[in-house]
Amino acid sequence: MTPEKHMTRSAPSTVQATTVTSSLLTVQTPGRGFTDLTSEVAKFIDEVHARDGALTLFIRHTSASLTIQENADPSVLVDLTTALSRLAPENAGWTHDTEGPDDMPAHVKTMLTQTSLHVPVLNGALALGTWQAIYLVEHRARPHRREIVLQFIGGNQ
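Residues numbered from 1 in each chain as written. Predicted model: local features only at pLDDT ≥ 70, side-chain atom pairs only at ≥ 80, totals over all residues. Heavy atoms only, no water.

## Quick look at the sheet that holds strand E7 (residues 132–138)
Taken together, three strands build an open sheet; the order of strands is E2-E7-E4 and the sheet is antiparallel. The open sheet terminates on both sides in strands that have one partner only, identified here as strand E2 (33–36) and strand E4 (64–70). When strand polarity is set aside, the average angle formed by the axes of neighbouring strands in this sheet is 35°. The pairing of E4 with E7 spans seven bridges and is antiparallel. (Pairing = 2+ DSSP bridges. Helix = DSSP H or I, 4+ residues; strand = E, 2+ residues; numbered from the N terminus. Axes fitted to C-alpha atoms, helices over the stretch in contact; angles between N-to-C directions.)

Spelled out as structure tokens, the structure:
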């Protein structure tokens, strides 16, 4: 007996990549925690008149990272911060501590997360799910100035 399939897929669509557009997003973080970048990234997609293609985000740092996570319940971000602190605690006896006790744990947290993201762009909008947002994750305790490269590759409207 063949099991029922519970999947559907839309018909493939093709876009000729006619443009590559880049921008540098600078963010002043308040210190450890999550900064929602979604509206600023969506504004970039709107300004470049993106239609269909791919957006790449790349953070130019080794002690901060990028992630896509839930945007509905703020306690998710609190729990994620707690989990990362448990995985890379400041008091683990790290050798590298030149910039303070939070520096090496920040490097480990970045290694466990991501320095780049790829988000499809469909019909001029980020193809994020209902409860998804794009976040910069600051792993250092004090505020930092962070740079994220935004690059859209695809077709324009």
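Read on, since the account is not over.
## Some points on the nonpolar core
In terms of nonpolar packing, the biggest core is built from 22 residues, with Leu37, Leu55, Leu57 and Ile148 touching the most fellow members. At the level of elements, strand E1 (19–28), helix H1 (38–47), strand E3 (50–59), E4, strand E5 (116–122), E7 and strand E8 (145–156) are the ones that each hand at least two residues to this core. By residue number, the principal contributor to this core is E3, which donates four residues. Those residues in contact with leucine 55 that lie beyond four places of it in its chain are Val41, Phe44, Ile45, Leu117, His118, Val119, Val121, Leu126, Leu150, Gln151 and Phe152. Membership of the second largest hydrophobic core comes to five residues, among which are Phe34, Leu77, Ala133 and Val137. (Core = buried A, V, L, I, M, F, W, Y, C linked by side-chain atoms within 4.5 Å. Buried < 20%, exposed > 50% of the residue type's maximum accessible area, 1.4 Å probe, protein only. Contact = heavy atoms within 4.5 Å.)

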